[in-house]
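# Summary of structural features
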Amino acid sequence: MPIEEVCDSVSAEDDAKKGPDVPFLLEERVKEKVPWKEVLKKKVGKKCSCSSARVKALVIDSIPIVKWLPRYQFKDWIIGDAMSGLIVGILLVPQSIAYSLLAEQDPIYGLYTSFFASIIYTLLGTSRHISVGIFGVLCLLVGQVVDRELTLAGYPSDTNQTTLGNVDNSTGPICDRSCYAVMVAATLTFTAGVYQVGPSIKISLLPSEFLKYLNVLIALLGLQVLMGLLQVGFVSVYLSDSLLSGFATGASLTILTSQIKYFLGLHLPRVQGWGSLIKTWISLFKNLGHTNLCDLVTSVLCLLVLVPTKELNDRFKAKLKAPIPFELFVVIAATLASHFGQFEETYGSDVSGNIPTGFMPPQLPNWSLIPNIAVDAFSIAIVGFAITVSLSEMFAKKHGYMVDPNQEMYAIGFCNIIPSFFRCFTTSAALTKTLVKESTGCQTQISGLVTALVLLLVLLVIAPAFYSLQKCVLAVIIVVNLRGALRKFVDIPQMWRVNRLDTIIWLITMATSALVNTELGLLVGVLVSAFCVLGRTQSAQVRQLGQAGDRELFEDLASYKGLQSQAGVAVFQYEAPIYYANQALFKKSLYRNVGLDPLKEKARRRKLDKQRNPKQDGEDKKQEMDVSTNVYLLQLNSLHTLVIDCSPVLFLDTAGVNALKEVCKGYKELGVNVLLARCNTSVIDSLQRGGYYDQKKGIKDIQFHTLSDAISYAQSLKSQNGDCDTVV
């Protein structure tokens, strides 16, 4: 840009010498503005177009198995898939039965859930290694909702009673407590699946039911569209690893607490509401006198067997081709001991009871329950999706392939929607079984089909054999599988040394999930994480930069030695966006580091001027102000230019632009030029729209792409005319 527009007094000879000081300008591309109606028309046309190629692509994208199955390398992969599927299936049998207890369901429904989830994810999932099925945290959340709805419906807390309640069941006549518990869990699972899948699923109702449940239908369709537009994937951005880990650990403490009553053989209702963990422990201590000694002894023996054997599996997992299924051995031994020892009849132990074989006919969810459980279903959907996507991406990176987060959302959604018609409860990926699946040679999703075959064999033939299995044994299996989450307490010192902020998020999320409310813990964790990000922008500081020799390298003067600063030019950097929440902090930090606050300086001068010459007229005041300015600048080592490095400033809002305008105006009145350097295009656009550049005086926009350009330009201005107008 010609300097004559700024300082007309500069001679032609000087102008010839200052060529290198002219800042280098990049020519901006002219962006063609397309009317929003045309953009919308193109997008709608693209989405709504129909052709054979588009239908084929849609089918392949929606059902990934169609894409990879024809390329399946049978000889190389089938052994690994078969072994991993078999091992995971064997482990899932006792765990499926055990986690049904946590979800307030009969054992058969845990087997149903694992069976259907394994098949559906094989067809729709994009991860080759994760194991989708029952997950302890989700089972806990489902169990809490089921227990609450049972209480609201008037059912007694004792699960052995079959007193009928006054229930509006759209699928049939009035049912008992177990039937209603299944109905609540299935409806909750269906609603969570709708949240996850979004608009890809269409709900079909019978004509006679349509008018009755029209409001519910409209609400669900609205939720589908909303979640589909948002793609639910946005949530994973706010669910950091520390947050999810803290939530899982807090929920694990709640799970552990909920299983102690089965350890002791106590008949206690599940505590609802905030502080349920503390209330449950109080109730346990009050009822210790009613402990069933048979259940207590069985629990201790199972713990003594499972804890060391699990540790052995973990320690020698590198040498073992497959983990030894000690859980299954314990279940078989405990079932035989309970059956032949007649623990139920002799000692009053709680047992699993009758587990039927085969499958029940499908049934529709109870639409009238959806308004009651809609909020709970949302939190369950978010947790299930976040955990599934996190594990999918983790193992995909490890093995060098890609997963589609949106397809994972649809896959886990359909793993909930379709099984909900068969009385299943919510599923997601599970870390423990995924690790087992990976370590036993899994290559593709075919291993999920092998797992489903194992579970099918149990459902059709073996299930009734678990009639005498004590519930305390199932509780021990649940607690032993919590070891990984509970070990996080040992890692707290290391976490604190690595990152204190993440540790604080972990502790707050864990404590809230455990001591207050499980679902609330997730919300609090998200809010704390958001406030921490906001706090980082609030705690950003202005740094004064110095140059390393002749290189285009500027770093913090307080952090490195040997850096040089130019006489009369100060370079500062603010390491955060400048927006409404931190614009005041930006100005305060800048003024503090420069050592000159324009507002305070002008107030100080007015006060001194009033004290010295109370009757001085306006013209004399102006002259004295100029003298005062020159004296003050001499005291500041003749500072004449302030360069602000905007490279870390990602964006500016209106308040941020106004803050820069205020800084520029304040320093201009004191005779200090303010230059902005290394602004990105977004910041430049914000400055132009916000009226930062003064067009009335004929001063063109000057963009300094390097700090060296800005410093050279500042020095040329001072050498030519120290009183020239400030350029911003």
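Residues numbered from 1 in each chain as written. Predicted model: local features only at pLDDT ≥ 70, side-chain atom pairs only at ≥ 80, totals over all residues. Heavy atoms only, no water.

In the annotation of an unreviewed UniProt entry, the chain is listed under the name Sulfate transporter-like and assigned to Sinocyclocheilus rhinocerous. In its Subcellular location (unreviewed entry) section, UniProt records this for the chain: "Membrane". (UniProt positions renumbered as here; feature names shortened; annotations may be inferred.)

Evaluated as defined, the whole model comprises ten salt bridges. Taking the shortest distance from any N to any O, the salt bridge between Glu311 and Arg483 comes out at 2.8 Å. Of this pair, Glu311 sits in helix H14 (residues 293-315) while Arg483 sits in helix H22 (residues 483-486); the two residues are 172 residues apart in sequence, bridging distant segments of the chain. For Glu311, a relative accessible area of 32% puts it in the partly exposed group. Take Arg483: its relative accessible area is 17%, and that puts it in the buried class. When the shortest N-O distance is used, the salt bridge between Glu311 and Arg487 registers 2.3 Å. Remark: Arg487 occurs in the loop between H22 and helix H23 (492-498) and Glu311 occurs in helix H14; sequence separation between them is 176 residues. Arg487 gets classed as partly exposed once you look at its relative accessible area, which sits at 36%. (Salt bridge = Lys/Arg side-chain N within 4 Å of Asp/Glu carboxyl O. Helix = DSSP H or I, 4+ residues; strand = E, 2+ residues; numbered from the N terminus. Buried < 20%, exposed > 50% of the residue type's maximum accessible area, 1.4 Å probe, protein only.)

We now examine the pairing of strand E3 (residues 542-547). The buried fraction of E3 is high, at five of six residues. Direction of pairing for E3 relative to strand E5 (residues 569-574): antiparallel, over a ladder of four bridges. Residue pairing for E5: Arg543 is matched across the bridge by Gln573. Connecting the antiparallel pair E3 and strand E4 (residues 554-556) is a turn made up of six residues, with Gly549 showing a positive phi of about 65°. (Pairing = 2+ DSSP bridges.)

A few words now on the packing of aromatic side chains. Aromatic rings considered in pairs are described by the distance between their centres and by the relative angle of their planes. Evaluated as defined, the whole model comprises 20 aromatic pairs. For the pair Tyr109 and Tyr112, a centre-to-centre distance of 5.9 Å together with 65° between the ring planes defines the contact as edge-to-face. You can see Tyr109 and its partner Tyr112 sitting in helix H6 (residues 107-124), three residues apart, about one turn around the helix. Looking at Tyr112, the relative accessible area reads 2%, which means it is buried. Taken together, the ring pairs connect Tyr109, Tyr112, Phe115, Phe116, Phe359 and Phe422 into an aromatic cluster. Here the guanidinium or amino end of Arg128 rests over the ring plane of Tyr401, the centre of that ring lying 4.4 Å away. (Phe/Tyr/Trp six-rings, centres within 6.5 Å; stacked < 30°, edge-to-face > 60°. Lys NZ or Arg CZ within 6 Å of the ring centre and 35° of its normal.)

A word on a nonpolar patch on the surface. A contiguous nonpolar patch, built from Val55, Val59, Ile63, Val66 and Leu123 and spanning about 350 Å² of accessible area, is present on the exposed surface. Residue position: Leu123 is located in helix H6. Judged by its relative accessible area of 38%, Leu123 falls in the partly exposed class. (Patch = residues over 30% accessible without salt bridge, like charges linked within 9 Å, V, L, I, M, F, W, Y side chains within 5 Å. Areas by Shrake-Rupley, 256 points an atom, 1.4 Å probe, with all protein chains shown as cover.)

Each turn of an α-helix holds 3.6 residues, which means side chains three or four residues apart point in the same direction. Along helix H30 (residues 681-689), the residues that are buried comprise Val683, Ile684, Ser686 and Leu687. Buried positions in H30, seen along its axis, are confined to an arc of 160° and lie on one side of it. Exposed residues pointing more than 90 degrees away from the buried face of H30 are listed as Thr681 and Arg689. Looking at the packing, one finds that the buried side of H30 touches helix H29 (654-669) and strand E7 (673-677). With a side-chain oxygen lying 3.1 Å from the backbone nitrogen of Ser682, the N-terminal cap of H30 falls on Asn680. The first or second residue beyond H30 is Gly691, which carries a positive phi of 75°. (Arc of directions from axis to C-beta. Contact = heavy atoms within 4.5 Å. Polar contact = N/O pair within 3.5 Å; in protein donor to acceptor, adjacent residues only side chain to side chain.)

All chains considered together, the criterion is met by zero disulfides. We note that Cys646 lacks a disulfide partner, and the nearest cysteine sulfur, in Cys679, lies 3.7 Å from it. (Disulfide = S-S within 2.5 Å.)

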